[in-house]
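Residue-level structural notes
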Amino acid sequence: MKTIVSFRFMKVASFLFLMTFLMSVNNTYASNSPLCFTAKSGKVTVSFSIVNATHTIQYSTDSTDWSTYISGTEVTLDINQSVYFRAETNQTTATSFSETKSWGEHSRFRFTRLDRHSYVEGSGNIMSLYGPDCPDLLLQQRAFQNMFESCTLLTKAPELPATKLGKYCYSSMFQWCTSLIEAPELPATVMAEGCYYNMFYGCNDLTTAPELPAMTLAEDCYGQMFAVCQSLKEAPALPATTLEDACYYNMFANCYSLVKAPELPATTMRPECYVNMFRNCQLLEKAPELPATTLAFLCYFNMFYGCTSLEKAPELPATTLAVRCYENMFGACYSLTSAPELPATVLKAGCYTYMFMECISLTALPTLPVKTLAQDCCDGMFAYCSSLRINSEPPGIPWQIPGDATPATSWNNGMFMGTSGTQTFPPEIGVTYYVIDEKTSVEDIAVNDIVAYSNEGRIFVNGVAGETVMVYDANGHLVAETCGTNDTEEFLVKVSGVYFVRVGGKDTKKVIVK
């Protein structure tokens, strides 16, 4: 009898353990708690404008007694009070609340501050809007698009547990939520076109991004997802190996505090896949490896444009290029001192157009072992690289386009425009030019001993007596200029950020003012 009881007990215990384990797995990202908003630091009102709802929405202030919610009704919350929302019955599909409406006219929550310092925290499962049991549904097209756009009082987002997304389902969901400091976990592994497009655009207080585990992407899926998140310091891991058109378009553009980029392991490119990905990330000092050997149309266009702290470019092993593949890739990277090797022998139309334009610290040219040129392939490639000194006569490091290269229409327009030295007009095939690397030339030894630093909103430059000193901001605008009358010159700057000190038209120093 004891054996039978023990055996039955073990079966029951094992069953309970298994159920508990399965529930914990299923609820890793999700809870059955209804969508909730809580007032913090003062009173607020909460309202939900529902457009074309296909089912009844309920609300409660205690999560026990529920009433039908009338679209646009304001619920007033005192400090630490909450309001809950859910659908009256479980739905079978997560359709949009405004399927027939055009862009920007979707159902939205609104929070209004009644006290000076009040804020709102979100919590609970957003899928409660499709039923009290928070059904695990495939999100349909534009399901939650714009739902919290410009909710400037929202500091914490609710749970978003869906694993299969629909087109533009989270598009602009938290755009311009400027107080958002805690983003939700995003466990989805099945992407759809534009699913995260603009999702956190302009969330200026967001410092940490959620993990993004998807391995296979969709067109525009991460487009502008974190653009203008000015406090974001580190990007999430991006393990995807299968890309799609414009999948990372503008993903971190204008993230001025971003200092670390994620690894990018994909080896097969798609058209426009990395366009503007890190544009104007002014504190980014190191670029990720880019292992692809076969490129696609505009795949690296503007990828690091305006990354004014980037000192070293990644290796670019690609030998099969595409139209405009590298266009403006490193434009205005003011700290970049050398260009990577470019091994391709057959060029494509516009492939190197403006690739290093305005890289004012670049002092050396990469070898171009080309056999076949293409229309506009090198148009403006080194334009306005003012530290490049290229002469038609020695001394200097010899450089040329191979004499057996096949020419093309307008292949070299503006290639050396705005550089220093005597050779500022387009180069010719088979003609040797000479590059003087100012960092090692005799006339620059003294200049390279110049020291520039910042302290309490001021820039100090030592060793500049008799030299013209110019200070540029991260956008290339001249903010101060003087002819050094003392060994040390001092400049007051009003805005913190990255600045570049140019001395005697020959040496450029980067200074960060905090």
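Residues numbered from 1 in each chain as written. Predicted model: local features only at pLDDT ≥ 70, side-chain atom pairs only at ≥ 80, totals over all residues. Heavy atoms only, no water.

Now for the packing of aromatic side chains. Applying the stated criterion to the full structure yields 34 aromatic pairs. An angle of 0° between the planes, with centres 5.8 Å apart, marks the rings of Y274 and Y300 as stacked. Taken together, the residues Y274 in the loop between strand 9 (154-156) and strand 10 (389-391) and Y300 in the loop between strand 9 and strand 10 connect sequence positions 26 residues apart. Residues Y274 and Y300 agree in their burial class; the two are buried. Judged by centre distance (5.7 Å) and plane angle (10°), the ring pair of Y300 and Y326 falls under stacked. With Y300 in the loop between strand 9 and strand 10 and Y326 in the loop between strand 9 and strand 10, this pair connects stretches of sequence that are 26 residues apart. According to the relative accessible area criterion, Y300 is buried, its value standing at 1%. Judged by its relative accessible area of 1%, Y326 falls in the buried class. Above the plane of the ring of W66 lies R86, whose end atom (NZ or CZ) is 4.1 Å from the centre. If you follow R113 out to its NZ or CZ, it ends over the ring of Y119, 4.8 Å from the centre. (Phe/Tyr/Trp six-rings, centres within 6.5 Å; stacked < 30°, edge-to-face > 60°. Helix = DSSP H or I, 4+ residues; strand = E, 2+ residues; numbered from the N terminus. Buried < 20%, exposed > 50% of the residue type's maximum accessible area, 1.4 Å probe, protein only. Lys NZ or Arg CZ within 6 Å of the ring centre and 35° of its normal.)

All right, on to the sheet that holds strand 17 (residues 488-492) then. Taken in spatial order, the 3 strands of this open sheet run 13-14-17, and their pairing is antiparallel. For this open sheet the edge positions go to strand 13 (451-455) and strand 17, each flanked by a neighbour on one side alone. Strand-to-strand twist across the sheet, computed as the mean angle between neighbouring axes with direction ignored, equals 20°. In the sheet, strand 14 (residues 458-462) pairs with strand 17 via 5 bridges, with the strands oriented antiparallel. Pairing of F460 across the sheet is with E490, part of strand 17. (Pairing = 2+ DSSP bridges. Axes fitted to C-alpha atoms, helices over the stretch in contact; angles between N-to-C directions.)

Here we take up the pairing of strand 1 (residues 35-40). Consecutive residues of a regular strand have side chains that alternate between opposite faces of the sheet. Counting buried positions along strand 1 yields 5 of 6 residues, so the element is predominantly enclosed. Taken together, the 4 bridges between strand 1 and strand 6 (residues 82-87) define a ladder with antiparallel strand orientation. Residue pairing across strands places L35 opposite F85, the latter belonging to strand 6. Sheet topology places strand 1 next to strand 8 (residues 119-123); 5 bridges connect them, and they run antiparallel. Directly across from F37, in strand 8, lies its bridge partner G122.

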